[in-house]
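# Observations on the model geometry
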Amino acid sequence: MSRTQSQPTRQSHVSRALAADRLGIPAVLFFVLAGVAPLTVVAGVIPTAYQTTGLTGIPAAFIAVALILAIFAVGYVAMTRHITNSGAFYAFISNGLGRITGVAAALIALLSYSFLQVGLYGAFGPGAAAEAAAHLGLHAAWWVWALGAWALIAVLGLLRVDITGWVLGVLLTAEILVIFAEAVSGLVHPSGGHIGFGTLSPADLTSAGFGTFGVLAVVAVLGFVGFEQAPVLAEEARNARRTVPLATYLALGMIAVVYAGASWAMAVHAGQSRVVAAAAQQGPGLLFGLGGGLLSSTAQFLFLTSLFAAALAFHNVVWRYMYALGRENVLPAALGRTGGNNIPKTASLVQSATGLVVICAYAIAGWQPMTQLFFWLGTTGGFGILVLLALTAIAVVAFFGRYSHGEGAWCRLVAPALAAILLTLIVVLAVLNYSTLLGVGRSDPVAWEFPASYAAVGLIGLGWGVLLRVKRPHVYSMIGLGAHAATGHLARTAGEVSR
Amino acid sequence: MARLTGTGLVADDLYLMAHHEVTGRPYLHHRAVGVGLAGALLAELVLAGNIRIRAERIAVAGRAAPPDELARTVLGLVLSERHLVPDWLAFLARSAERDVAQRLERQDYLTLAGSRRPWRADRWVPTDADCAFAPLFRAQAALDPAKPVTVAGATLAGLAAACGLGPRLLPFGPKGARRCLDETVRQLAPDLRELIALTQAATDRLLLSQRF
C-alpha cells in the first residue's frame, strides 16, 4: 500500500533552504537592469533619436511610456503567477490568444531581439574606431571593430553565462554613476543660463502632430527593452507574487528616471531649440560633452563596453528564445540541444552567423552604420517589442476572460485592456509615421519594409502554427511550455502508452 | 581499491560521467551537475523500490532501509516532509555533488586533492581513470539497440542526457544513438520516465532563467 505525499508543509527545513537559495528583489532587479545597458541608450539611442526624428519630446516620452508600461505590467505580472514559461512573450500570447498566434509571436520576438542585437554593432564599430584613432593611433574601418566585437561575442556566447553576468554587473554600476554625473554636469551648465522644462512637457509629445507620439514612443520603448525579463525569474524568485512585480516596477521607475533625466539634461545643456542640430553634429558626444576631462573619457570608454554588454545580453536572449522553441520542436530540435557546457551551441552559432552576415552586408554596401544599422535596426527591434507588448496585453485580457484565477478586475481586465488600447494606438501611429522614425522621406521603401518584415514573419508563424496543428499535433500541444516541454513530451508518451 | 564494475549506484556513475576521468574537473555547470545527481539519488530510491513517483509527487513504496548511508538519508528526508519532485530536485541539488563525491571517496573511487593555489578549492579526483571512465560504457548500451541494457544503465543514460551530458555520451553510440536513447527511456517504468523528464525540465529552467 502506498501513501501519496501531496501537501507541502509550511516553513519546513526544505522550504527554508529552498527559499534561501532563491532570488530576492535586489537580485531580480539587478538581473533586469544588467540587461538594459543604460549608456547604450543614453549615449547612443537618445542623441541619434534627436538627430534622426528631429523631435525634442524624448524626455517626456520616456515618462509617458513608463506610465503606459506600468499599466501594462499590472496584468503582465498577474498572468506570470498562473502560467509556466513566463519569461517569454510568446508563452503569454500562446496562453491568451492560442498557440497559432503564439508561434507568430515567437517568430516576431526572435526577429525583434535579433534586430536589437545586430544593430548594436553599428554603434560599436564607429565608436571603437574613433576611440582607437584618437588614443591608440590605430586607423581601421568601423566594420573591422564591429567584426572584432562580433568574434568576441561569438566566443563568449559559447561560454558559461556566469562569467559574463559578473562583468555586466560591474559595467551597469559604472554606467549609472557616469550618466548621473554627466546629467548633473549638464544641468549645472544650462544653455542660456536657465533650466527649461519644455522637453518634459506632455505638449512636446505631439509637437509635430498627434502621430509624433507614436514615433517618440517607439524610441522610448527601445530604452525600456529588458524590463520584460523579470518574469523569466518567476520560478526562481523567493516570492513570485511579490518579488517579480516589485522588481518590475522598480526597474521601470529607475529606467524612466535615468533616461528622462539624461535626455532632459542634454536638451537643457544644448538648448531645446538647438538640441536636434547639436545631436546631428556631435552624435554620442552630446552626452560626453555634458561633462569634461576624465568624466568624458570614462563615459566614452564605458559607452563601448555598454554596447558590447548589450550586444552580448541580447545575443543570450536570442539563443534562449531559440533554445526554448527548439525544446518544443517548434523550431528545429538541434536549436534545443546543449553543448558540453550546458550552452545551446547551435542556437548561439545561428545568432552569431546572423550578425556576421549583417555586418558584412553593411560593410560591402557602404551603408551608414550609426543611423542605418544601429538606429534603424534598433528602433525596428523596439517596434517589434512594442507589437509584442500590445499582443501580450490583449492576451492577458483573453486569458483572464476565460477564468479569473482569483485576480481582481483591475489586474485581469481594466489595466490590461487600457494598456492594450494605448499600446495598439502607439503601434498604429508608429506604422503611419515610420518614415519620421527612420528620418527618411515618406516615399522611401524602408519606411514600410521594416514594419512589413514583422507582418511577413507573423504570417509565416501563423502558417507554421496551422501546419503544426494539422501535421504535428504533439508538437502543437507543447507550444509555449518552454522549460516544461520535457514534461509535455512525457505526457504525450504516457498518452501513447495508454492508448 | 576501486573496481571497473562501479558501485552499482546510479548517482555514483553519473558523478563520474560528469567529471573528467583524470583531473576531476566538471564538464557541466555545477548547478546542472547538482540537478542531475539529485535526479540520480531519487532514481536510486525508485530502483530500490523505496519510493514511487506519480504526477510530480513522491509516494512511499517500501520502508526497508537501503544499505547505503546517503540513500538512507535521502529516503529519510523525502519521508519527513511533503514536497513535489521539482522541489526535491532543487533541494537535493544544493549538496548532491559533495554528498556523492564523499560517498565515492569512501569507496576509494575518488580522493580529495589539495589545490596548489590557495584561492582555489580542493577538488575530488578519480583514483583510477579507467574506473572513472567505465560508467560511460554502462550508459553506452542505452544508445545501441543491438546491446542489452539494464534498467540502471538506461536510467543513467537518460539522466545524463537530461542534465546536459548528451554531447559527452552520444559520440560513444552508433548512428541514430539519440533516437535509440529516447526509445530506451520510453521503455522505462513510468516513475523513472517522469523523473528523467523532471530532471530535464529542471535543467532547462535553470538555463532559461539564467541561473547558469
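Residues numbered from 1 in each chain as written. Chains lettered and ligands numbered in written order. Predicted model: local features only at pLDDT ≥ 70, side-chain atom pairs only at ≥ 80, totals over all residues. Heavy atoms only, no water.

Working note: non-glycine residues mostly have negative phi, and peptide bonds are mostly trans. A positive phi angle, close to 65 degrees, is found at Asn-329 of chain A, a residue other than glycine. Notably, Ala-55 of chain B is not glycine yet its phi reads approximately 50 degrees, a positive angle. By the element assignment, Ala-55 of chain B lies in the loop between strand E1 (51–54) and strand E2 (57–60). What makes Ala-55 of chain B exposed here is its relative accessible area of 55%. (Helix = DSSP H or I, 4+ residues; strand = E, 2+ residues; numbered from the N terminus. Buried < 20%, exposed > 50% of the residue type's maximum accessible area, 1.4 Å probe, protein only.)

With 34 residues, helix H16 (residues 369–402) of chain A ought to run about 50 Å at 1.5 Å a step, and its terminal C-alpha atoms sit 47 Å apart, in line with that. Sitting at the amino-terminal end of H16 of chain A is Gln-368 of chain A, which places a side-chain oxygen 3.0 Å from the backbone nitrogen of Met-370 of chain A. (Expected span 1.5 Å × (residues − 1). Polar contact = N/O pair within 3.5 Å; in protein donor to acceptor, adjacent residues only side chain to side chain.)

All names here are of chain A. Running from N to C, helix H3 (residues 38–53) and helix H11 (residues 240–270) point in directions that differ by 45 degrees, and their axes come no closer than 10 Å. As judged from the angle between their axes, H3 and H11 are oblique. Between H3 and H11 lies a crossing of right-handed hand. Between H3 and H11, the contacting residues are Pro-38, Val-41, Val-42, Ile-46, Pro-47 and Tyr-50 on the first element and Tyr-259, Ala-262, Ser-263, Met-266 and Ala-267 on the second. Of the residues in the contact of H3 with H11, the class split is 10 nonpolar, 1 polar and no charged. (Axes fitted to C-alpha atoms, helices over the stretch in contact; angles between N-to-C directions. Parallel < 35°, antiparallel > 145°, perpendicular 65-115°, else oblique. Left-handed = near helix turned anticlockwise from the far one by under 90°. Contact = heavy atoms within 4.5 Å. Nonpolar A, V, L, I, M, F, W, Y, C, P; charged D, E, K, R; others polar.)

In this section: the packing of aromatic side chains. Residues and elements named next belong to chain A. Throughout the structure, instances matching the rule amount to 23 aromatic pairs over all chains. Ring geometry for Phe-124 versus Phe-308: centroids 6.4 Å apart, planes at 55 degrees, classification tilted. In this pair, Phe-124 is assigned in helix H7 (residues 121–136) and Phe-308 in helix H14 (residues 293–327), connecting sequence segments 184 residues apart. Taking the relative accessible area as the measure of exposure, Phe-124 reaches 15% and is therefore buried. Among the residues examined, Phe-308 registers a relative accessible area of 16% and is labelled buried. (Phe/Tyr/Trp six-rings, centres within 6.5 Å; stacked < 30°, edge-to-face > 60°.)

Turning next to the environment of Ile-100 of chain A. Residue and element names in this part refer to chain A. As for its position among the elements, Ile-100 is in helix H6 (residues 99–119). By relative accessible area, Ile-100 is classed as buried at 16%. C-alpha separation for the pair Ile-100 and Leu-468, spaced 368 residues apart in sequence, amounts to 8.6 Å.

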